[in-house]
Amino acid sequence: MSSDGSQQSVIYERDGVFVCSDSDGKPNNLYGGLLRIVEKSHGLVIEWLPIEETECHLVSENGSNEHQDWALVNTLSVGYKSSRNAGPDSVELKRNVRPRRPMTCDLVELKSFKVSGADHCHNWPYVTLIQKDGTTHPILNFHNGGMDEFLQQLDLYLNVKKSNKETGLFLVTDPKVEALQRSFNELQLFPERTADAVSKFFRDPYAATLGGFSKVTNFLSEALLNTNSPTSRPDDEMVEILHNSFTGFDIGHLEEHDYEVISASELGALPKVSRGCPLTPEAWTMFLDSDGRIEDVQRLKEIIFRGGIVMSIRNEVWKFLLGYYDYDSTYKTRQDTKKKKVEDYFRMKLQWKSISSEQERRFSKFRDHKNIVDKDVTRTDRSHPSFAGEKNENIQLLYDILVTYCMYNFDLGYVQGMSDLLSPILVIMENEVDAFWCFASFMERVGHNFEMDQQGIKLQLKQLQVLLGYYDPEMMSYLESRDSDNLYFCFRWLLIIFKREFQFPDIMRLWEVLWTDLPCKNFHLLFCLAILDAEKHTLIENKFGFTEILKRMNDLSQHIPLEETLCKAEAIYLQIRECPNVPQMVRDVLGLPQFVDPNGSESTEDLFATNSASDLLETSTDDLGVPVRCRTMQTNREDLDPYSDSVVDRLCDNAIEQQYL
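A separate point is the overall build of the chain. When helices and strands are tallied, the chain shows 28 helices and nine strands. When the 661 residues of the chain are sorted by exposure, 54% land in the buried category. Sequence separation of 24 or more characterises 69% of the internal contacts of the chain that already satisfy a separation of 6 or more. Accessible surface, the chain: about 30300 Å² in total, of which carbon and sulfur atoms supply 50%.

What follows is the structure, given as structure tokens:
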């Protein structure tokens with residue numbers, strides 16, 4: 001009997017089932033619990049209960065999970081909305097399933113499930129449950145075994161078939177629907193996909209049946225007159241739906257454009273790509289000459305693209321990637337640059353600090369920016385140790401830096417979402433001035449995402465449409481049939497550069513890879529394409545519609561395997577680059593040179609055109625991963641580096657700040 005007195009019986013139970021909140025399965029993010037199948041008055045329900053709550057907490061009788069919030073306005077908006085059961089508004093905690101909370105899924109609502117043994121992303125066998133509405137539950141890790149027993153129980157109560165296209169994907173089917181689909185296939189009454197016809201039949205069997213048979217009698221007139229009835233949701237209606245979801249942003253219409261369809265066979269096989277080791281402190285030191293200049297910048301970027309950067313030197317290397325320092329700067333010139341940037345920052349900070357209340361009352365634009373910043377910073381990454389707790393000094397630093405940016409960039413000011421881009425930078429820099437200038441450089445790259453006319457985001461969505469329409473016409477066709485070919489579900493990815501899709505360690509790695517600008521222009525769009533490619537069969541075989549696709553893509557947050565996706569994105573680039581018939585639109589998006597016949601003149605030099613970065617590193621680096629020619633001087637860096645960052649950081653910043661404050 002449940003806590004509310006209603007009758008229920010447990011027909012399956014297994015302890016030692018863990019839920020993890022990220023894609024890496026890190027031990028500190030795993031929560032043990034009890035998995036069971038319970039028969040309730042309304043039917044069978046799958047439940048996962050945390051260990052500490054198995055005796056005292058049961059989910060509601062109706063099978064819904066009151067701890068989940070599937071509101072699209074919450075999960076898709078650029079702004080924030082408090083969760084019902086969370087404390088302060090939190091980016092990290094605002095997930096569809098919160099750690100240490102029960103999970104529940106009615107068996108009749110189960111659409112499919114994914115099964116996998118231990119792999120490079122997960123240390124244990126696991127199962128992922130996917131509902132009919134697109135809801136994706138957290139991964140269930142079977143640390144103590146028992147996954148086969150759980151699957152056998154599902155097989156007793158469900159009609160399950162294995163996907164022919166995606167390994168480990170099992171589809172829950174209705175025998176009646178399958179029989180009807182076979183009948184439609186045999187009769188060949190419907191020109192559209194049979195699955196779509198079946199769906200239409202169950203929504204309106206009378207209209208669907210008459211419509212199908214009418215095609216037999218009206219075949220000639222249809223062929224001659226070429227009459228087509230509208231089959232998709234009007235653009236105005238679609239924009240209105242999404243407008244209500246993206247708080248603070250006006251999603252306008254995307255212009256129509258044609259796709260040049262080329263079969264996948266012309267692209268050739270997807271090449272195998274592997275990742276490398278990150279840039280180490282020893283390797284970084286060897287890239288610096290005696291005066292502090294960076295030698296072989298291209299090779300340095302290749303190493304970073306291939307493996308990222310070790311945490312301990314990100315503070316230093318990021319400043320070069322983001323343009324805080326020039327690659328040809330010396331220790332001495334960097335000291336001068338640092339001193340000037342300190343003075344410039346505090347001068348701008350003083351400008352807004354010295355605005356009186358009377359002035360602010362008559363300065364509505366500045367006042368509005370301050371109010372938005374104040375609301376945003378108090379709910380930015382509050383679950384991260386650097387920003388957790390009351391009266392956290394880093395929250396004040398976020399506020400000061402963002403308001404100062406309004407003085408630095410009057411035209412743009414502050415727009416919701418910018419705080420997401422600043423927080424990882426502040427964590428790395430641990431310094432107000434350095435964080436500001438690195439953030440300002442980052443905004444030079446992505447500031448167009450936040451412009452009021454949204455032309456930057458619209459352009460990227462169009463470019464992604466071009467890539468997807470060329471690379472996978474089947475996927476694009478399916479999305480079009482579901483009113484999702486506008487790719488609005490990628491909006492958040494592009495706006496804040498995947499910030500909410502990954503936890504801090506992974507987003508830091510992804511950003512530094514993207515900052516190398518390798519191996520081509522708009523590599524972040526290929527990263528999007530890699531995610532969509534991985535989800536293709538899940539979306540199509542589950543027959544997800546408009547709303548379900550939005551939910552499914554949103555549920556990928558914190559569950560995208562970074563290294564695997566980076567490999568696939570680069571592999572797609574290599575696959576496209578080697579195709580001789582790539583449309584000019586695609587070449588323009590990726591910055592590929594004009595194709596030149598092999599018997600003609602050579603094309604513009606292309607990175608990785610003859611060798612991958614890993615090949616270059618294998619042939620020209622030593623055991624530290626350092627270019628051999630860069631190791632011509634074995635010297636004590638401290639002796640040659642009187643103006644190193646450790647010395648620069650000891651500049652009297654406090655005295656300069658007091659001068660302006």
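Okay, back to it.
Further remarks concern the environment of threonine 565. Among the secondary structure elements, threonine 565 is positioned in helix α23 (residues 562-578). Here the alpha-carbon distance between threonine 565 and alanine 534, two residues 31 residues apart in the chain, equals 8.5 Å. Apart from the residues within four sequence positions on either side, threonine 565 is in contact with Phe527, Ala530, Ile531 and Ile560. At a separation of 2.6 Å, a polar atom in the side chain of threonine 565 contacts the main-chain carbonyl oxygen of proline 561.

Time to look at the packing of aromatic side chains. Counted by the stated rule, this structure contains 24 aromatic pairs. Ring geometry for tyrosine 405 against phenylalanine 439: centres 5.2 Å apart, planes inclined by 70°, an arrangement best described as edge-to-face. One end of the pair, tyrosine 405, is in helix α14 (residues 393-408); the other, phenylalanine 439, is in helix α16 (residues 432-446), with 34 residues separating them in the sequence. With centroids separated by 5.0 Å and ring planes inclined at 65°, the aromatic side chains of phenylalanine 442 and tryptophan 511 adopt a geometry described as edge-to-face. With phenylalanine 442 in helix α16 and tryptophan 511 in helix α20 (residues 504-515), this pair connects stretches of sequence that are 69 residues apart. Accessibility expressed as a relative area gives 2% for phenylalanine 442, which makes it buried.

The next thing to look at is the packing of helix α21 (residues 523-541) against α23. Contact geometry of α21 with α23 gives a least axis separation of 8 Å together with a crossing angle of 110°. In terms of axis orientation, α21 runs roughly perpendicular to α23. Of the residues in α23, those in contact with Phe523, Leu526, Phe527, Leu529, Ala530, Ile531, Asp533 and Ala534 of α21 are Leu562, Thr565, Leu566, Lys568, Ala569, Glu570, Ile572 and Tyr573. Tallied by class, the residues present in the contact of α21 with α23 amount to twelve nonpolar, one polar and three charged.

With that settled, the discussion passes to the pattern of salt bridges. Pairing between side chains of opposite charge can happen when the charged atoms of each approach one another. Evaluation of the coordinates by the stated rule reveals 34 salt bridges. A salt bridge links aspartate 133 to lysine 551, with the nearest nitrogen and oxygen atoms 3.4 Å apart. Residue aspartate 133 is found in the loop between β6 (126-131) and β7 (140-142), and its partner lysine 551 is found in helix α22 (residues 546-555); the two are separated by 418 residues along the sequence. Given a relative accessible area of 24%, aspartate 133 falls into the partly exposed group.

What follows covers the nonpolar core. Among the nonpolar cores identified, the biggest contains 132 residues, and Leu279, Met418, Leu421, Phe498, Leu526 and Ile576 are the most heavily contacted of them. Here the element with the most residues in this core is α21; it accounts for eleven residues. In this structure, leucine 279 is in contact with Trp284, Phe287, Leu300, Ile303, Ile304, Gly308, Ile309, Val310, Ile313 and Val317, ignoring residues within four places of it in sequence. In this structure, Phe113, Val127, Leu140 and Leu151 belong to the second largest nonpolar core, which totals 25 residues.

Topologically, aspartate 400 is positioned in helix α14. The buried category is assigned to aspartate 400, whose relative accessible area is 5%. Here lysine 349 takes part through its side chain, which lies 3.3 Å from a polar atom of the side chain of aspartate 400. In this structure aspartate 400 touches Tyr345, Lys349, Trp352, Lys353 and Glu432, once residues within four positions along its chain are discounted.

This part covers the pairing of strand β3 (residues 43-50). It is a general feature of regular strands that their side chains alternate between the two faces of the sheet. The element β3 is extensively covered by neighbouring structure, given that seven of its eight residues are classed as buried. Between strand β2 (residues 30-40) and β3, which pair antiparallel one after the other, the connecting turn spans two residues. Across four bridges, β3 lies against strand β4 (residues 103-106) in antiparallel orientation. For tryptophan 48, the partnering residue across the bridge sits in β4 and is methionine 103.

Model confidence for the chain is summarised by a mean pLDDT of 76, while 65% of its residues fall at 70 or above. Low pLDDT, under 50, characterises residues 22-28; the stretch is placed with 19 contacts to residues that sit more than four places away or in other chains. Long-range and interchain partners of residues 601-657, a stretch whose pLDDT sits below 50, account for 95 contacts in this model, where long-range means more than four residues apart.

Criteria and cut-off values
Residues numbered from 1 in each chain as written. Predicted model: local features only at pLDDT ≥ 70, side-chain atom pairs only at ≥ 80, totals over all residues. Heavy atoms only, no water. Helix = DSSP H or I, 4+ residues; strand = E, 2+ residues; numbered from the N terminus. Buried < 20%, exposed > 50% of the residue type's maximum accessible area, 1.4 Å probe, protein only. Contact = heavy atoms within 4.5 Å. Areas by Shrake-Rupley, 256 points an atom, 1.4 Å probe, with all protein chains shown as cover. Polar contact = N/O pair within 3.5 Å; in protein donor to acceptor, adjacent residues only side chain to side chain. Phe/Tyr/Trp six-rings, centres within 6.5 Å; stacked < 30°, edge-to-face > 60°. Axes fitted to C-alpha atoms, helices over the stretch in contact; angles between N-to-C directions. Parallel < 35°, antiparallel > 145°, perpendicular 65-115°, else oblique. Nonpolar A, V, L, I, M, F, W, Y, C, P; charged D, E, K, R; others polar. Salt bridge = Lys/Arg side-chain N within 4 Å of Asp/Glu carboxyl O. Core = buried A, V, L, I, M, F, W, Y, C linked by side-chain atoms within 4.5 Å. Pairing = 2+ DSSP bridges. pLDDT = per-residue confidence, 0-100.

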